[in-house]
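Spelled out, the chains give:
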Amino acid sequence: MSGHQNIPPRGHFITFEGPEGAGKSTQIAWLRQDLEAQGITCLCTREPGGTAFAEEMRRLLKHWQNPDEPVLPLSELLLLAAARAQHVETVIRPALLAGKTVLCDRFSDSTFAYQGAGRKLPEELLRTVDAAAVGDCIPDLTLLLDLPVEVGFARAGSRAATAGNYDRFEEEDRAFHEAVRAAFLARAAAEPARFRVIDAAVSPEAVRQQIREAVHERFA
Ligand code: TMP
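Keep in mind the model is a prediction, meaning the values are calculated, not measured.

Attention now goes to the pattern of salt bridges. Under the defined criterion, the tally for this structure stands at 25 salt bridges. One salt bridge in this structure joins Glu56 and Arg59, with 2.8 Å as the shortest N-O distance. On the criterion of helical spacing, the pair formed by Glu56 and Arg59 is a turn pair, its members being 3 residues apart in helix H2 (residues 52-63). A salt bridge links Arg181 to Asp146; the shortest N-O distance between them is 2.8 Å. Separated by 35 residues along the polypeptide, Arg181 in helix H7 (residues 174-190) and Asp146 in strand E4 (residues 141-146) bring together distant segments of the chain.

Structure follows, in structure tokens:
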């Protein structure tokens, strides 16, 4: 009974997952507005990244382009995990302990989807490496913004054309992105208490409404 009295109050940890083009950044900004209007202090962050050091790793992970030296899947995994370890210990955990609600654009589920289903690294390896980076910082709620691959392609494609920026992940073919989507959905089905699957193919306002309901239902 009294064991719980020693555990300090902790903010909620909410992660957003899904493909490029699902509208995660917009939805994170809107959820922050909604929560702060209720007096809940939020910290918005992203992976890979979220600290100065981890943002450097993000740049390498997304934009490294050298045909003479392609990035190995294992190197990719370890760099993502290094970025996550740094982010968890210096940003996420302190914010949660300070009572803030953390809204994070991607987290461990992206590793299982992209490096597992996409790059075909063994799940046991992913679990070991991810656990070392994350420790007990497990999301309380994961919103999976689900989208058919072709819709995500169309949205991300027009964004990339505007930005004119090579992206190693967006370069991958349809089979890769189908495998990523299937892996996200399988993880959501396996952990229904943590996940809510949001239909992201509808208008941004309609996505916002689904997210409001999911967050309210989870934390009410
Ligand atoms: P984004 O934040 O613009 O979506 O870019 C991040 C990219 O990094 C995205 O294509 C997915 C990829 N990624 C992984 O492959 N594994 C991971 O664990 C994370 C966090 C991201």
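Turning our attention to unusual backbone geometry. The step from Glu47 to Pro48 runs through a cis peptide bond, and the omega angle for that step is -15°. Assignment of secondary structure puts Pro48 in the loop between strand E2 (42-46) and H2. The phi dihedral of Arg106 falls on the positive side, at around 75°, and the residue is not glycine. Here Arg106 shows up in the loop between strand E3 (101-105) and helix H4 (108-118). In the Ramachandran plot, Lys120 falls in the positive-phi region, its phi being about 70° despite a non-glycine side chain. For Lys120, the position within the fold is in the loop between H4 and helix H5 (123-134).

In the neighbourhood of the ligand, 13 residues make up the surrounding shell, with Glu20, Lys62, Arg106, Thr111 and Gln115 lying closest. Arg84 places a polar side-chain atom, nitrogen or oxygen, 3.1 Å from an oxygen atom of the ligand. At 2.8 Å from a nitrogen atom of the ligand is found a side-chain nitrogen or oxygen belonging to Gln115. When the free accessible area of the ligand is taken as 480 Å², the share hidden by the protein chains comes to 95%. Elements with a contribution of two residues or more to the shell around the ligand: H2, helix H3 (73-97) and H4.

Moving on: helix H1 (residues 24-37). Taking 1.5 Å per residue, 14 residues should reach 20 Å; H1 reaches 20 Å between its end C-alpha atoms and fits that length. Burial in H1 covers these residues: Lys24, Gln27, Ile28, Trp30, Leu31, Asp34 and Leu35. Viewed end-on, H1 has its buried residues packed into an arc of 170°, placing them on one side of the element. Among the structural elements, strand E1 (13-17), E2, E3, E4 and helix H8 (204-219) are those in contact with the buried residues of H1.

Here the structure, examined in full by the defined rule, presents 4 aromatic pairs. Arranged with centres 6.0 Å apart and planes meeting at 85°, the rings of Tyr114 and Phe169 form a pair that is edge-to-face. Residue Tyr114 is found in helix H4, and its partner Phe169 is found in the loop between helix H6 (149-163) and H7; the two are separated by 55 residues along the sequence. A relative accessible area of 4% means that Tyr114 is categorised as buried. By the ring-pair criterion, three or more aromatic residues cluster together here, those being Tyr114, Phe169, Phe176 and Phe184. Across the ring face of Phe169, the terminal group of Arg168 is positioned such that the distance to the ring centre comes to 5.3 Å.

About the criteria used
- Residues numbered from 1 in each chain as written.
- Predicted model: local features only at pLDDT ≥ 70, side-chain atom pairs only at ≥ 80, totals over all residues.
- Heavy atoms only, no water.
- Salt bridge = Lys/Arg side-chain N within 4 Å of Asp/Glu carboxyl O.
- Helix = DSSP H or I, 4+ residues; strand = E, 2+ residues; numbered from the N terminus.
- Near = heavy atom within 4 Å.
- Polar contact = N/O pair within 3.5 Å; in protein donor to acceptor, adjacent residues only side chain to side chain.
- Areas by Shrake-Rupley, 256 points an atom, 1.4 Å probe, with all protein chains shown as cover.
- Expected span 1.5 Å × (residues − 1).
- Buried < 20%, exposed > 50% of the residue type's maximum accessible area, 1.4 Å probe, protein only.
- Arc of directions from axis to C-beta.
- Contact = heavy atoms within 4.5 Å.
- Phe/Tyr/Trp six-rings, centres within 6.5 Å; stacked < 30°, edge-to-face > 60°.
- Lys NZ or Arg CZ within 6 Å of the ring centre and 35° of its normal.

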